[in-house]
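Coordinate inspection notes
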Amino acid sequence: MKKSTNFSAYALLAIGFYYALETFQIQLFDQQQSWQTLLILFGLAFLIGGHFDQDDNAILPGILLAGLGVHFLCIGQFPNWPEHAPAITFIIGLGIILRSAKTKTGSVQGFILLLLAVFLHSFDSIINGLGWVEQGVQVAQKFWPVLLILGGFYLLFLKKK
């Protein structure tokens, strides 16, 4: 963030709020005294600080921290909550899209990550529904990470403009 003194103030407020709830025995929700809640509060500190400092670079870490906190808080609470890989991919994609709304760059990468998260989350359901292609999918399932790696190397090294 541009103004680290403001972030420090927001971080101290977040930590103070976290421990005040414990000290004064204020119960707002289950598991509020967990490390996940601290992640959410630090994410909010980034988002609030970035908003008031007009620092668009604070959006992505704010969404990541708050999103990961919400994910790890909800994973045991809801039986249909997505597993770690799809959820984390979704959170990163959402953060990139929200940052791109301010910076006007990176929206394509964010949408690709969102689509990848949906694919990862529903992969087994899709494959079970298409039993006739299960054999070919087993081969593809082994090698699709290699395709992602090759695509990343292509974008990193070969596609320079």
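Residues numbered from 1 in each chain as written. Predicted model: local features only at pLDDT ≥ 70, side-chain atom pairs only at ≥ 80, totals over all residues. Heavy atoms only, no water.

Another aspect to go through is the nonpolar core. With 5 residues, the main nonpolar core is built from Phe-7, Ala-11, Ala-45, Phe-46 and Ala-58. Contributions of two or more residues to this core are made by α1 (4-23) and α2 (35-53). (Core = buried A, V, L, I, M, F, W, Y, C linked by side-chain atoms within 4.5 Å. Buried < 20%, exposed > 50% of the residue type's maximum accessible area, 1.4 Å probe, protein only. Helix = DSSP H or I, 4+ residues; strand = E, 2+ residues; numbered from the N terminus.)

For the coordinates displayed, the defined rule picks out 3 aromatic pairs. Where Trp-35 meets Phe-72, the ring centres are 5.5 Å apart and the plane angle is 45°; that geometry is what we call tilted. Note that Trp-35 is positioned in helix α2 and Phe-72 in helix α3 (residues 59-74), a separation of 37 residues in sequence. By relative accessible area, Trp-35 is classed as partly exposed at 48%. Given a relative accessible area of 23%, Phe-72 falls into the partly exposed group. (Phe/Tyr/Trp six-rings, centres within 6.5 Å; stacked < 30°, edge-to-face > 60°.)

Turning our attention to the confidence of the model for the protein. Residues at a pLDDT of 70 or more form 84% of the protein, whose mean pLDDT is 83. Within the protein, the lowest mean pLDDT, 76, falls on helix α6 (residues 134-158), and the highest, 93, falls on α3. (pLDDT = per-residue confidence, 0-100.)

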